[in-house]
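Remarks on the overall topology
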Amino acid sequence: MVMSDTIKVIIAGPRGRMGREAVKMVTSTGHFKLTAVIDHKNDGMMLSDIDGFQTIPNVPVYSDIRKCLETEQADVLIELTTPEAGMDHTLAALEHNVRPVVGTTGFTKEDLAQLERICQEKDLGCIIAPNFAIGAVLMMKFAQMAAKYFDNIEIIELHHDKKLDAPSGTAVKTAQMISSVREPKKQGHPSEKETIQGARGAEYDGMHIHSVRLPGLIAHQEVLFGADGQTVTIRHDSYDRSSFMSGVKVAVETIMQQNKFVYGLENILD
Ligand code: NAP
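All of the points below concern the structure found in this document.

Around the ligand sit 20 residues in total, of which Arg15, Met18, Lys41, Thr105 and Phe132 are the nearest. For the ligand, a nitrogen atom lies 2.8 Å from a polar atom in the backbone of alanine 129. Note that an oxygen atom of the ligand is positioned 2.7 Å from one of the backbone N or O atoms of phenylalanine 132. In isolation the ligand offers 920 Å² of accessible surface; the protein chains occlude 75% of this area. Using a 2 Å cut-off from the grid points, one finds that the ligand occupies the largest pocket. Those elements that place two or more of their residues in the shell around the ligand are α1 (17–27) and α3 (83–95). Residues of the shell around the ligand, tallied by class, amount to 7 nonpolar, 9 polar and 4 charged.

General note: in soluble globular proteins, nonpolar side chains tend to be found buried as a group. Ile11, Leu47, Ile78, Val101, Phe225 and Val252 are the most contacted members of the largest nonpolar core, which totals 56 residues. It is helix α5 (residues 134–147) that contributes the most residues to this core, 7 residues altogether.

Once that is clear, we can look at the side chain of serine 238. Along the chain, the position of serine 238 falls in strand β11 (residues 230–238). For serine 238, a relative accessible area of 1% translates into the label buried. At 2.9 Å, the side chain of serine 238 forms a polar contact with the side chain of serine 243. Apart from residues lying up to four places away in sequence, serine 238 is in contact with Ala133, Ile218, Ala219, His220, Ser243 and Phe244.

Another point: the packing of α3 against helix α4 (residues 109–122). One way to put it is that α3 packs onto α4 with a least axis distance of 11 Å and a crossing angle of 5°. One finds that α3 runs roughly parallel with respect to α4. Touching Met87, Thr90, Leu91, Leu94 and Glu95 of α3 are Asp111, Gln114, Leu115, Ile118, Cys119 and Lys122, all from α4. Looking at the contact of α3 with α4 residue by residue, the class counts come to 6 nonpolar, 2 polar and 3 charged.

Roughly 1500 Å³ of internal volume is contained in the largest pocket. Along its surface, the largest pocket is lined by 46 residues, and Thr81, Gly103, Thr104, Thr105 and Gly106 are the ones closest to its centre. Elements with a minimum of two residues in the lining of the largest pocket: α1, α3, α4 and α6 (169–179). The residue makeup of the lining of the largest pocket, split by class, is 18 nonpolar, 19 polar and 9 charged.

Further remarks concern the packing of α1 against helix α7 (residues 245–255). Two elements in contact, α1 and α7, have axes whose closest approach is 10 Å; the angle formed by their N-to-C orientations is 60°. When the interaxial angle is binned, α1 and α7 end up oblique. When you trace α1 past α7, the crossing you get is right-handed. Here Met18, Glu21, Ala22 and Met25 of α1 come into contact with α7, specifically with Met245, Val248 and Lys249.

Quick look at α3 now. Between its first and last C-alpha atoms α3 spans 18 Å; for 13 residues at 1.5 Å apiece the expected length is 18 Å, and the two agree. Every buried residue of α3 is accounted for by Gly86, Met87, His89, Thr90, Leu91, Ala92, Ala93 and Leu94. Following α3 by one or two positions, asparagine 97 has its phi on the positive side, about 60°.

Rules used throughout
Residues numbered from 1 in each chain as written. Predicted model: local features only at pLDDT ≥ 70, side-chain atom pairs only at ≥ 80, totals over all residues. Heavy atoms only, no water. Near = heavy atom within 4 Å. Polar contact = N/O pair within 3.5 Å; in protein donor to acceptor, adjacent residues only side chain to side chain. Areas by Shrake-Rupley, 256 points an atom, 1.4 Å probe, with all protein chains shown as cover. 1 Å grid on protein atoms, 1.4 Å probe; cavity = no way out; pocket = protein on both sides within 12 Å on 5 of 7 lines; lining within 4 Å. Sits in = over half its atoms within 2 Å of the grid points. Helix = DSSP H or I, 4+ residues; strand = E, 2+ residues; numbered from the N terminus. Nonpolar A, V, L, I, M, F, W, Y, C, P; charged D, E, K, R; others polar. Core = buried A, V, L, I, M, F, W, Y, C linked by side-chain atoms within 4.5 Å. Buried < 20%, exposed > 50% of the residue type's maximum accessible area, 1.4 Å probe, protein only. Contact = heavy atoms within 4.5 Å. Axes fitted to C-alpha atoms, helices over the stretch in contact; angles between N-to-C directions. Parallel < 35°, antiparallel > 145°, perpendicular 65-115°, else oblique. Points joined across faces, edges and corners; volume = space filled by probe spheres on them. Left-handed = near helix turned anticlockwise from the far one by under 90°. Expected span 1.5 Å × (residues − 1).

Below, the structure is given as structure tokens:
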């Protein structure tokens, strides 16, 4: 692969909460260049015509990603929209040999399998990460380490009340990583009974997962470990969507060096 020093980036979903942070990150990173954006409502405009982006010159807006990819030069697509549009955008990028970095959540197992197959066929890199916050990835890794010694575990994830899925992808991923080092084990009193249904939360291999939804929150998770006479609590908090951007930046840089499908930021961090 021949790579120029500057990585040319297209962002899909620039007006969204994540997209706005991605525009800031890309335009403030010296070796990245924002060459175009994909916005389903502002075809033919310039980004600087859109509220909040007046200071960013020379970035055309396209609604049709295929037209964009035929017209503009790009190395990487940062995808931050919705699962349906996101899958179409990711397919289009791979068709045009552009490497996708996907933050959009909600892709199905079949979507992921299809994308992995295309990456193998085309020998092309793609990274999809349900959580781009490096601190969250460390929290999952630390939890996996602690689970070797503490097998009574409760996961509490806390998110804003606009979130559609529960438990969060991060909580499920944490439980999966813990399960790879912990035998399934029923926790709590063997005869415990819920007097209000759901009081003990969801169950994954005997671990319990609790989902909190409140306005004011962004994305937070605690993993609690208990043993005789001691507890350990591992907690990560995203207070702002900028917390995800260091991970997106690392992913853009890394995917230029990798010719494979990667699922999860933890797989590209040392
Ligand atoms: P958001 O604020 O709702 O932004 C989504 C953007 O996508 C909006 O600008 C929306 O435009 C645009 N959009 C919707 N349908 C589209 C289409 N068909 N074509 C092109 N653009 C379209 O959501 P967000 O909070 O930024 O989140 C975006 C995605 O990232 C979600 O899937 C979310 O779960 C995920 N996320 C991932 C991470 C991570 O670390 N991986 C962290 C946070 C969020 P309109 O408003 O005009 O419809």
